Amino acid sequence: MNASKREQIFARMKAHNPNPTTELNWTTPFELLAAVLLSAQATDVGVNKATARLFPVANTPQAIIDLGLDGLKEHIKTIGLYNTKAENLMKTCHILAERYAGEIPRTRAELEALPGVGRKTANVILNTAFGELTMAVDTHIFRVANRTRIAQGKNVLEVEQKLLRHVPKAYLKDAHHWLILHGRYTCLARKPRCGSCVIEDLCEYPDKVEIA
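Computed from a prediction, not measured in an experiment: that's the story for all the values here.

Conventions used here
Residues numbered from 1 in each chain as written. Predicted model: local features only at pLDDT ≥ 70, side-chain atom pairs only at ≥ 80, totals over all residues. Heavy atoms only, no water. Helix = DSSP H or I, 4+ residues; strand = E, 2+ residues; numbered from the N terminus. Rg over C-alpha atoms; globule rule 2.2 N^0.38 Å. Buried < 20%, exposed > 50% of the residue type's maximum accessible area, 1.4 Å probe, protein only. Contact = heavy atoms within 4.5 Å. Expected span 1.5 Å × (residues − 1). Arc of directions from axis to C-beta. Polar contact = N/O pair within 3.5 Å; in protein donor to acceptor, adjacent residues only side chain to side chain. Axes fitted to C-alpha atoms, helices over the stretch in contact; angles between N-to-C directions. Parallel < 35°, antiparallel > 145°, perpendicular 65-115°, else oblique. Left-handed = near helix turned anticlockwise from the far one by under 90°. Nonpolar A, V, L, I, M, F, W, Y, C, P; charged D, E, K, R; others polar.

Here the focus is the overall build of the protein. Each helix and strand in the protein was counted, giving 11 helices and 0 strands. Helices (α) and strands (β) of the protein occur, in sequence order from the N terminus, as α-α-α-α-α-α-α-α-α-α-α. Relative to the compact-globule value of 17 Å for 212 residues, the protein shows a C-alpha radius of gyration of 18 Å, a close match. Its C-alpha atoms give the protein principal-axis dimensions of roughly 55 × 30 × 30 Å. Expressed as a percentage of its 212 residues, the buried residues of the protein come to 47%. Restricting to contacts in the protein with at least 6 residues of sequence separation, those with at least 24 account for 58%.

Here we come to helix 1 (residues 3–16). The end-to-end C-alpha distance of helix 1 is 20 Å, a good match for the 20 Å that 14 residues give at a rise of 1.5 Å each. When we look at burial in helix 1, the residues that qualify are Arg-6, Ile-9, Phe-10 and Met-13. The buried residues of helix 1 occupy an angular sector of 85° when projected down its axis, which confines them to one face. Against helix 10 (156–166) and helix 11 (169–185) lie the buried residues of helix 1. In this structure Asn-2 caps helix 1, since a side-chain oxygen of it lies 3.2 Å from the backbone nitrogen of Ser-4.

Orientation of helix 2 (residues 29–38) relative to helix 8 (residues 119–129), taken along the N-to-C sense of each, is 150°, at an axis distance of 10 Å. In terms of axis orientation, helix 2 runs roughly antiparallel to helix 8. At the point where helix 2 passes helix 8, the crossing takes the right-handed sense. Between helix 2, through Pro-29, Leu-32, Leu-33 and Val-36, and helix 8, the contact on the second element is made entirely by Thr-121, Val-124, Ile-125, Thr-128 and Ala-129. Residue classes in the contact of helix 2 with helix 8 are distributed as 7 nonpolar, 2 polar and no charged.

Okay, structure coming up:
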């Protein structure tokens, strides 16, 4: 795929959705970190239901520490793998309270050192909370990047690096959200909705499904 076509793809995505953002509910960087940490192998809808119970009671590292592990589990028990996630979130809260005065660190290395936080989660925080030009490649972005030929790669790191290199810089801040939403609602895994896709004529996927 050439640079001109990539430019057109992201121009259309911007025109279609000028202000994309995560579908997780959050108001502070810590709330975003907690929500993303809880979202592994869970839906955003399910996480939002749990955080709607948790955040009014505890939405800072110290407040969650004060809640206690059992109290935290009680608030998030509807989420899959909640026991492990509660333990990781509690450990993370202790580190944030002890080392960072309750604030969220702003470097990838510091974020990835937090329990339960991997490269993808760190990229989400850096991009969505702090506006950095990062690319958090999940299964949706990996599929869309490869299928459309925007950025092909054999693993998520390769796709991430190619997207950072090939997405026009003017669109890079929001590209992560556009690609996730595109994969979630249009470029579906089993049966892409090519007939209702805003970039159908630009996409280089050879097996398009024409039914909207």
